[in-house]
Amino acid sequence: MNRLKELIGDLQDFYLLSIRGLLSIFKRPLYLRDMIEQMDYAGAGSFFIIFIVSLFVGMALSLQLSAELSRLGMKVYTGKVVGISVIRELGPVVAAIVFTGRVGAGMASELGLMVLGHQVDTFRVFGVDPIKKLVTPRIVSSIIMLPALTIIGDAVSLFGGYYIAVFVSNQSGTVYWSSIREELIFENVFFGAIKPFVFGYLIACICCYMGLSTKGGATGLRQSTTKAVVTSIIMIIVSDFILTRILLYVLGFSV
């Protein structure tokens, strides 16, 4: 019973932090400098790892599809399947998981260290709202930078798939790109565009909450950072399924 009460209390605190952090975007002061610093850390700092991971995901996907479709005499559809997979599902999910591992863990550990060093209490003493000062800039940076990184990751994955399809599987590059263009319809682009905003918001809220809930010194910091990353990844996968199911229904796809 005590564990259940603690869980309900934690969920309540998390929802309050998430809502206050989002609504504080429209309140002064704006802390633009903090937002820019967080966007630089989340965006520019994550570019290289997103680039590398997305490249090899696209190459591996294209390689596997080429091998399987060639057995069915349908190798020409490699570009079509790669395009749908990357734009709708793999691109947003892979980018979000990589973003969690790098940026989310950094958020949780940084805020946890500030809690242990009593810096958050100092903000309160001087009348500064910790959620407005610490959480809101991280939410804004995640909501802005994760979609941008996802677009870059999608493009890199498609080029990785192109390299395998053309230079390894000896397919036509023109056919590959024409298949990709056929899949750049509103429904597919909307699928891939809406998810990074949701993922970015979830990652920022979860990691900030775990960081601000840190207790117990170095061991507590390790535990809160681990919880932040694990919980964020689980929520990315779960929310991806829920969003996919809702979008398929709203956009009229038959399942």
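All values reported here derive from a predicted model rather than from experimental measurement.

A few words on the overall build of the protein. Each helix and strand in the protein was counted, giving nine helices and zero strands. Along its sequence from the N terminus, the protein presents helices and strands in the succession α-α-α-α-α-α-α-α-α. Along the first, second and third principal axes, the C-alpha atoms of the protein reach 70 × 40 × 35 Å. Sequence-distant contacts, at least 24 apart, represent 84% of the contacts inside the protein between residues at least 6 apart. Accessible surface, the protein as shown: approximately 13,500 Å² in total, 69% of it carbon and sulfur.

Side chains three or four residues apart in an α-helix point the same way, a direct result of the helix having 3.6 residues per turn. Along its 39 residues, helix α6 (residues 130-168) runs 53 Å from first to last C-alpha, staying within 8% of the 57 Å computed at 1.5 Å per residue. A maximum bend of about 30° is found in α6 at Thr136, where proline Pro137 lies one to four positions downstream. Where α6 begins, the side chain of Asp129 points an oxygen toward the backbone nitrogen of Ile131, at a separation of 3.2 Å. Remark: Asn170 follows α6 within two positions and exhibits a positive phi of approximately 60°.

Judged by side-chain polarity, Val230, Ile234, Val238, Phe241, Ile242, Ile246, Tyr249 and Val250 come together as a nonpolar surface patch covering roughly 830 Å² of accessible area. In this fold, Val238 is placed in helix α9 (residues 217-250). Judged by its relative accessible area of 37%, Val238 is partly exposed.

Take the confidence of the model for the protein next. The predicted coordinates should not be examined in detail at positions where pLDDT is low. Model confidence for the protein is summarised by a mean pLDDT of 91, while 99% of its residues fall at 70 or above. By mean pLDDT, the top-scoring element of the protein is α6 (94), and the lowest-scoring one is helix α1 (residues 2-23) (86).

For Ser54, the location among the structural elements is in helix α3 (residues 47-71). For Ser54, a relative accessible area of 5% puts it in the buried group. For Ser54, the contacting residues outside a window of four places in its chain are Gly153, Val156 and Ser157.

What follows covers the pattern of salt bridges. Inspection of the entire model under this criterion finds nine salt bridges. Of the charged contacts in the structure, one is a salt bridge between Glu183 and Lys80, with a shortest N-O distance of 2.5 Å. Of this pair, Glu183 sits in the loop between α7 (173-182) and α8 (186-212) while Lys80 is found in helix α4 (residues 78-116), placing the two residues 103 residues apart along the sequence. Since its relative accessible area comes to 7%, Glu183 is described here as buried. Through salt bridges with shared partners, a single network forms among Glu89, Lys195 and Asp240.

This part is about the environment of Leu22. With respect to the helices, strands and loops of the structure, Leu22 is situated in helix α1. Each C-alpha atom of the pair Leu22 and Ile131 lies 9.6 Å from the other, and the pair is 109 residues apart in sequence. Setting aside residues no more than four positions away along its own chain, Leu22 makes contact with Ile139, Ile143 and Tyr201.

Further remarks concern the packing of α6 against α8. As a packed pair, α6 and α8 sit with axes 8 Å apart at the nearest point and diverge in direction by 145°. Here the hand of the crossing between α6 and α8 comes out right-handed. Counting all contacts with α6, which are made through Val135, Arg138, Ile139, Ser142, Ile143, Leu146, Pro147 and Thr150, the residues of α8 involved are Pro196, Phe197, Phe199, Gly200, Tyr201, Ile203, Ala204, Cys205, Cys208 and Leu212. The residue makeup of the contact of α6 with α8, split by class, is 14 nonpolar, three polar and one charged.

Quick look at the packing of aromatic side chains now. Scanning all chains against the criterion turns up ten aromatic pairs. Look at Phe14 and Tyr15: their rings are 5.8 Å apart centre to centre, the planes differ by 55°, and that puts the pair in the tilted class. Here Phe14 falls in the buried class, since its relative accessible area comes to 16%. What links up through ring pairs into an aromatic cluster is the set Phe159, Tyr162, Tyr163, Phe167, Tyr176 and Trp177. Positioned over the ring face of Phe191 is Arg88, at 4.7 Å from the centre of the ring. Its end group placed over the ring of Tyr41, Arg102 keeps NZ or CZ at 4.6 Å from the ring centre.

Reading guide: rules and limits
- Residues numbered from 1 in each chain as written.
- Predicted model: local features only at pLDDT ≥ 70, side-chain atom pairs only at ≥ 80, totals over all residues.
- Heavy atoms only, no water.
- Helix = DSSP H or I, 4+ residues; strand = E, 2+ residues; numbered from the N terminus.
- Contact = heavy atoms within 4.5 Å.
- Areas by Shrake-Rupley, 256 points an atom, 1.4 Å probe, with all protein chains shown as cover.
- Expected span 1.5 Å × (residues − 1).
- Bend = angle between axes of the 7 residues up to and from the residue.
- Polar contact = N/O pair within 3.5 Å; in protein donor to acceptor, adjacent residues only side chain to side chain.
- Patch = residues over 30% accessible without salt bridge, like charges linked within 9 Å, V, L, I, M, F, W, Y side chains within 5 Å.
- Salt bridge = Lys/Arg side-chain N within 4 Å of Asp/Glu carboxyl O.
- Buried < 20%, exposed > 50% of the residue type's maximum accessible area, 1.4 Å probe, protein only.
- pLDDT = per-residue confidence, 0-100.
- Axes fitted to C-alpha atoms, helices over the stretch in contact; angles between N-to-C directions.
- Left-handed = near helix turned anticlockwise from the far one by under 90°.
- Nonpolar A, V, L, I, M, F, W, Y, C, P; charged D, E, K, R; others polar.
- Phe/Tyr/Trp six-rings, centres within 6.5 Å; stacked < 30°, edge-to-face > 60°.
- Lys NZ or Arg CZ within 6 Å of the ring centre and 35° of its normal.

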